[in-house]
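Okay, here's what each chain looks like letter by letter:
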Amino acid sequence: MLGRGETEPHGPATARTSVRTLSRALACSLPALLICAGVCYDVLTPRFFTAVPFFTAAPLIAAPLSALRTTVLTGLAALLATWVVHARFALFPDADAVTEIVTVATVAVLAAGINRIVRIGDQRLASAREIAEAAQRAVLPEPAERIGGFEIAARYEAAQEGTFIGGDLYAVQDTPYGVRLVVGDVRGKGMGAVAAVAVVIGAFREAAEQEATLEAVAGRLERALAREGVRRGGIDAHEGFTTAVLAELPHGDGTLRVVNRGHPPPLLLHGDGEVRPVRAPESALPLGMGELGTWPDRAAEHAFPSGATLLLHTDGLSEARDAHGRFYDPERRLTGRTAAAPGTLLARLAAEVRRHTGGGMTDDMALLAVRRP
């Protein structure tokens, strides 16, 4: 989210990628440097000094970083270097030389075995990542760029690098009553939170098609989570809950209805740079806590003019902290910014949050943007 005339700076993620690339390049060249250093050490020192530590370290370092062929060639190069540095003293090496050659050969064989073990582990990890990506696409499918005449974009930013899905959720559904949306945050982490996400999204998609009012949709989600809590038992039966905000955009009349269940309020971004929180008229409990009290849902209605963008988000955005503990304030940061397409808006917002936190996000972040063209 950059103002007029601004250019997007390179963020911490780009810097981290460059550092990782440079570090890996240096690590891959380290085995060859060790062999060269071993030869120089042996040539420049008296005969009773040994360069075996250099020659044995080379294949061991190559094992987890390189292919099997490279690891084997590194071991052979280390073995050849060991023989060469001793061959200059005598045609037939003595007992010490034979011992060093056998040592390097043994380590080279072990390095090849380590390489195979590491490669098998990498294959299993890659398979697990593919499964995680498939699970994310199944549970949190990417919405179409245009639904019911509105421009749509969604983004999920995991706090932990390499994680694909957690307890944050979003969904968009085109229904006879208008385009309906939900963004939420499930209490807890791990597979239990993912299961609750699947329950909420499944219940939302069914209720959004069948219920005539947004309040009734919220009631269906409440009952679905109550059933899920009883089924799971344990602490989730009593303390499991989900904060959520539901929105409805009727076709063609320029209005917006919102039901908020203990969630950060959405932001309405006008084309002129004005940003206004879409607050509920009265507070309500999160989903799954209905047994603590009966607060009937009341949808708040707001104007949704052409060119405006509705931004729904989880607290991973509004509670992102910098190194000094200061929260990221999306309302203040977005005020006065030039309107952008929803996809561009979310990409720049995610990059800005990463810069604000120095790449150290502590909570997942789900973002959903809808613009009325």
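Just so it is clear, the structure is predicted and the values come from calculations on it, not from any experiment. (Residues numbered from 1 in each chain as written. Predicted model: local features only at pLDDT ≥ 70, side-chain atom pairs only at ≥ 80, totals over all residues. Heavy atoms only, no water.)

A.B. asks: Hey, could you run me through the overall build of the protein chain in this one?
C.D. replies: The secondary structure content of the protein chain amounts to ten helices and eleven strands. In the protein chain, which comprises 373 residues, the proportion classed as buried is 44%. Contacts in the protein chain between residues far apart in sequence, at least 24 positions, make up 72% of those at least 6 positions apart. Accessible surface for the protein chain amounts to roughly 18,600 Å². Of this, 60% is attributable to carbon and sulfur atoms. (Helix = DSSP H or I, 4+ residues; strand = E, 2+ residues; numbered from the N terminus. Buried < 20%, exposed > 50% of the residue type's maximum accessible area, 1.4 Å probe, protein only. Contact = heavy atoms within 4.5 Å. Areas by Shrake-Rupley, 256 points an atom, 1.4 Å probe, with all protein chains shown as cover.)

A.B. asks: What am I meant to see in the packing of aromatic side chains here?
C.D. replies: Each aromatic ring pair is summarised here by two numbers: the centre-to-centre distance and the angle between the ring planes. Counted according to the given criterion, the structure contains two aromatic pairs. Seen in terms of ring centroids, phenylalanine 150 and phenylalanine 304 are 6.3 Å apart; in terms of plane orientation they differ by 10°. Their pairing is stacked. Within this pair, whereas phenylalanine 150 is found in strand β2 (residues 150-157), its partner phenylalanine 304 is found in the loop between β9 (300-303) and β10 (309-313), the two being separated by 154 residues in sequence. (Phe/Tyr/Trp six-rings, centres within 6.5 Å; stacked < 30°, edge-to-face > 60°.)

A.B. asks: It is not clear to me how the sheet that holds strand β4 (residues 178-186) should be interpreted in this structure. Could you clarify?
C.D. replies: Taken in spatial order, the five strands line up as β3-β4-β5-β6-β9 in an open sheet, and their pairing is antiparallel. Where the open sheet ends on each side, the last strands, each with one partner, are β3 (168-175) and β9. The sheet shows a mean angle of 20° between the axes of neighbouring strands, taken without regard to direction. (Pairing = 2+ DSSP bridges. Axes fitted to C-alpha atoms, helices over the stretch in contact; angles between N-to-C directions.)

A.B. asks: I'm lost on the environment of valine 85 in this one. Help?
C.D. replies: Relative to the assigned elements, valine 85 resides in helix α3 (residues 68-87). Along the backbone, valine 85 and tyrosine 41 are 44 residues apart, and their C-alpha atoms lie at a distance of 9.8 Å. Residue contacts for valine 85: discarding those within four places in its chain leaves Val39, Asp42 and Phe55.

A.B. asks: Would you mind going over the side chain of aspartate 315 with me for this structure?
C.D. replies: With respect to the helices, strands and loops of the structure, aspartate 315 is situated in helix α8 (residues 315-318). Leaving out residues up to four positions away in the same chain, aspartate 315 has contacts with Asp185, Pro264, Ala320 and Asp363.

A.B. asks: What is the right way to read helix α2 (residues 52-65) from this model?
C.D. replies: Helical periodicity: at 3.6 residues per turn, an α-helix aligns residues three or four positions apart in one direction. In this model α2 runs 21 Å from its N-terminal to its C-terminal C-alpha over 14 residues, within 8% of the 20 Å that 1.5 Å per residue would give. For α2, the complete set of buried residues consists of Val52, Phe55, Thr56, Ala58, Pro59, Ala62 and Ala63. Down the axis of α2, the buried set is contained in an arc of 145°. They therefore lie on one face. (Expected span 1.5 Å × (residues − 1). Arc of directions from axis to C-beta.)

A.B. asks: Would you take a moment to explain the packing of α2 against α3 for this structure?
C.D. replies: Angle between the axes and distance between the axes: these two values describe a pair of packed helices. Packing of α2 against α3 leaves a shortest axis separation of 8 Å and a crossing angle of 175°. By the angle class used here, α2 and α3 are roughly antiparallel. Facing Phe55, Ala58, Pro59, Ala62 and Ala63 of α2, the residues of α3 in contact are Thr71, Thr74, Gly75, Ala78, Ala81, Thr82 and Val85. In terms of residue class, the contact of α2 with α3 is made up of eight nonpolar, four polar and no charged. (Parallel < 35°, antiparallel > 145°, perpendicular 65-115°, else oblique. Nonpolar A, V, L, I, M, F, W, Y, C, P; charged D, E, K, R; others polar.)

A.B. asks: Would you take a moment to explain the sheet that holds β10 for this structure?
C.D. replies: Within a beta sheet, neighbouring strands are joined by backbone hydrogen bonds and run either parallel or antiparallel to one another. Read from one edge of the open sheet, six strands run β1-β2-β11-β10-β7-β8, paired in antiparallel fashion. Unpaired on one side and paired on the other, β1 (146-147) and β8 (275-277) mark the two borders of the sheet. As paired elements, β1 and β2 share two bridges and run antiparallel to each other. Note that in β2 the partner of arginine 146 across the bridge is glutamate 151. In this fold helix α10 (residues 342-357) packs onto β2, β7 (267-269), β10 and β11 (365-371), with an angle of close to 25° to the strand it touches most, β2.

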